[in-house]
Amino acid sequence: YPVFKLLPQMYDWMMQLKIRRLYDEIRSIESDMETQGPEFDAKALNAKLDQIDQRANHLQLPTVYASSLYTLRSHIDLVRSRLAGSSGAFADNRP
């Protein structure tokens, strides 16, 4: 029956969608950093990253998706370090 072939694919798609939604939010933060230039609100963007990190930590996913989840967390940390580096560099250039 074709339905039984589609069910595992749909399940996989739904699990990956949970992770992709968080990636979309990370991309939004990166976009905000780029469009606002050096005058971005680091505190607000860091708060958004903290919320995404909390949601990633509380995602209920099967073990098969653990590597995707760990990769997501490392990307969150990467954006966090870019944010800290950018805001630190901007603060150093202030008169």
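Presented here is an overview of the structure given in this document.

Conventions we followed
Residues numbered from 1 in each chain as written. Predicted model: local features only at pLDDT ≥ 70, side-chain atom pairs only at ≥ 80, totals over all residues. Heavy atoms only, no water. Helix = DSSP H or I, 4+ residues; strand = E, 2+ residues; numbered from the N terminus. Expected span 1.5 Å × (residues − 1). Buried < 20%, exposed > 50% of the residue type's maximum accessible area, 1.4 Å probe, protein only. Arc of directions from axis to C-beta. Axes fitted to C-alpha atoms, helices over the stretch in contact; angles between N-to-C directions. Parallel < 35°, antiparallel > 145°, perpendicular 65-115°, else oblique. Left-handed = near helix turned anticlockwise from the far one by under 90°. Contact = heavy atoms within 4.5 Å. Nonpolar A, V, L, I, M, F, W, Y, C, P; charged D, E, K, R; others polar. Patch = residues over 30% accessible without salt bridge, like charges linked within 9 Å, V, L, I, M, F, W, Y side chains within 5 Å. Areas by Shrake-Rupley, 256 points an atom, 1.4 Å probe, with all protein chains shown as cover. Salt bridge = Lys/Arg side-chain N within 4 Å of Asp/Glu carboxyl O.

**Observations concerning helix 2 (residues 42–57)**
The end-to-end C-alpha distance of helix 2, which contains 16 residues, comes to 22 Å, matching closely the 22 Å that a straight helix rising 1.5 Å per residue would cover. Residues Leu 45, Leu 49, Ile 52, Asp 53 and Ala 56 constitute the buried set of helix 2. Along helix 2, the residues classed as buried sweep out an arc of 100 degrees about the axis, all on the same side. Seen from the buried face of helix 2, the exposed residues on the opposite side, beyond 90 degrees, are Lys 43 and Gln 51.

**Topic: the packing of helix 1 (residues 2–36) against helix 2**
Two numbers describe how helix 1 lies on helix 2: the axes approach to 10 Å, and their chain directions differ by 170 degrees. The angle between the axes of helix 1 and helix 2 places the two elements in the roughly antiparallel class. Between helix 1 and helix 2 the crossing geometry is left-handed. From helix 1, Leu 22, Glu 25, Ile 26, Ile 29, Asp 32 and Met 33 reach across to helix 2, where they touch Leu 45, Lys 48, Leu 49, Ile 52, Arg 55 and Ala 56. Class assignment for the residues of the contact of helix 1 with helix 2 results in 8 nonpolar, no polar and 4 charged.

**Structural notes on the environment of Ala 56**
Here Ala 56 lies in helix 2. Sequence separation of Ala 56 and Leu 69 is 13 residues, and the distance between their C-alpha atoms is 7.3 Å. The residues contacting Ala 56, other than those within four sequence positions of it, are Leu 22, Leu 69, Leu 72, Arg 73 and Ile 76.

**Comments concerning a nonpolar patch on the surface**
Taken together, the side chains of Tyr 1, Val 3, Phe 4, Leu 6, Leu 7 and Met 10 make up a nonpolar region of the molecular surface, amounting to roughly 720 Å² of accessible area. Looking at the secondary structure, you find Phe 4 in helix 1. Accessibility expressed as a relative area gives 59% for Phe 4, which makes it exposed.

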